Amino acid sequence: MAFSQFGDKFTQHSGISRLMEDMGEGLRTPGTIMLGGGNPAQIPAINDYFSQLLLQMHQDGKLNEALCNYDGPRGKALLLEALATLLREELGWPVTPQNIALTNGSQSAFFYLFNLFAGRRADGSKKRVLFPLAPEYLGYADAGLEEDLFISAKPNIELLPEGQFKYHVDFDHLPLNDETGLICVSRPTNPTGNVITDDELLQLDALAQQHGVPLLIDNAYGVPFPGIIFSEARPLWNPNTILCMSLSKLGLPGARCGIIVADESTIGAIGNMNGIISLAPGSIGPAIATEIIVRGDLLRLSQEVIKPFYQAKVSETIAIIRRYISEDRCLIHKPEGAIFLWLWFRDLPISTEALYQRLKARGVLMVPGHFFFPGLEQAWPHTHQCMRMNYVPDSDKIERAVQILAEELENAWNA
């Protein structure tokens, strides 16, 4: 059976497909330690909150209402209004419901936005998406309708005490030119936990406006919600900024609800794309989110429950790593947010793809680093020296996984 060019592109193997396959296979395989995927933690207090909320919504008939009706192509109007009010009151942004659209998860939002602003134009020119700070989220890499849609820049690396390091934007070598159609950065960054500084973000915003292109900020882990961010960071939005948020890291990944905050023309385009591709976004996640906001619980849960849980988990995980793996074997990116640790094995005699295969054979799933550099045009050994590790699982599982990782690192060094 022959596919179209579209079919050929989107049926080929990809990093995000392998990650999701690993997650599915790992869930079906007893004893597998899942440190690869992006599932959020099962926080008992959050699970209890959702259980009670859903029961009350069921009793009030609000679940049936959400299940049995389509929303508009921009998503549930009640949530759009509630979100706009929250962003105006809490952050002072000049946002109305016409500045917000929902999608079936953030992944759908990125697909829409990348291909809306980059790719082939009517005049025959081609625009690209610039990632100013690689490594970046591997789910971006295959989201373009055209090949070579992405270009990224190597970071500056700052070595820090206690075996840590931090990436910074190298503004002197950004490949920003007339081919740029969109600048995209995640904050905090998946996979590294990096939070670009306020100054870096403001510089990117200024460059985007100078070049007449939008700045897309992937805020899946950031402020004001879910608030999985451990450094000082001021949120940014203006009409040239596109902010993407999600319900996933609140603890609702199955709800598949992405949120886009942008200028009205972009939001109108997203509504049209939703209508063509999916009629309307799903309703259950937005119905739940509306209730959380109306009750005044969204920011409270983010600040008082979700952030402290992850901050304690990441400190605990780093302590476990250091019990088994020394700083000369493994550097750790400074954990400033998100739900991952980014490990750098300098001068490792094998690639982290080979290390991934060895770990997988022993029931430990992590993600090799080379998938996280979409659009990096020059070869860089660093891309094959890093791995992403989810620090969400129980500490006993993490400890066993780190023991296995330490053993395989020694095996590689001693071969």
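Note that the structure is predicted; figures quoted are calculated from it, not measured.

Chemist: Please clarify how empty space enclosed by the protein should be interpreted in this entry.
Modeler: In this approach, a probe sized like a water molecule rolls over the atoms, and the result shows the empty space that is left. The tally for this structure, following the rule as stated, stands at four cavities of 30 Å³ or more. Considered as a void within the structure, the largest cavity measures approximately 80 Å³ in volume. Forming the walls of the largest cavity are W93, R187, L201, I217, N219, G222, V223, I229, A233, P235, L236 and L243. Its residues assigned to classes, the lining of the largest cavity comprises nine nonpolar, two polar and one charged.

Chemist: Sorry if this is basic, but what is going on with a nonpolar patch on the surface here?
Modeler: Together, F6, F10 and L145 line one region of the surface with nonpolar side chains, adding up to about 280 Å² of accessible area. Tracing the sequence through the fold places F6 in helix 1 (residues 5-10).

Chemist: Even after reading the chapter, I still don't get the packing of aromatic side chains, so can you show me in this structure?
Modeler: The relative placement of two aromatic rings is captured by the distance of their centres and the angle of their planes. Counting across every chain of the model gives 21 aromatic pairs. Ring centres 5.4 Å apart and planes at 25° place the aromatic pair F131 and F150 in the stacked group. A residue pair is termed long-range when its members are at least 10 positions apart, and F131 in strand 4 (residues 126-131) and F150 in strand 5 (residues 150-152) qualify at 19 residues. When sorted by exposure, F131 lands in the same class as F150, which is buried. Centre to centre, the rings of F309 and Y310 are 5.4 Å apart; their planes meet at 90°, and the pair counts as edge-to-face. Since its relative accessible area comes to 1%, Y310 is described here as buried.

Conventions adopted
- Residues numbered from 1 in each chain as written.
- Predicted model: local features only at pLDDT ≥ 70, side-chain atom pairs only at ≥ 80, totals over all residues.
- Heavy atoms only, no water.
- 1 Å grid on protein atoms, 1.4 Å probe; cavity = no way out; pocket = protein on both sides within 12 Å on 5 of 7 lines; lining within 4 Å.
- Points joined across faces, edges and corners; volume = space filled by probe spheres on them.
- Nonpolar A, V, L, I, M, F, W, Y, C, P; charged D, E, K, R; others polar.
- Patch = residues over 30% accessible without salt bridge, like charges linked within 9 Å, V, L, I, M, F, W, Y side chains within 5 Å.
- Areas by Shrake-Rupley, 256 points an atom, 1.4 Å probe, with all protein chains shown as cover.
- Salt bridge = Lys/Arg side-chain N within 4 Å of Asp/Glu carboxyl O.
- Helix = DSSP H or I, 4+ residues; strand = E, 2+ residues; numbered from the N terminus.
- Phe/Tyr/Trp six-rings, centres within 6.5 Å; stacked < 30°, edge-to-face > 60°.
- Buried < 20%, exposed > 50% of the residue type's maximum accessible area, 1.4 Å probe, protein only.

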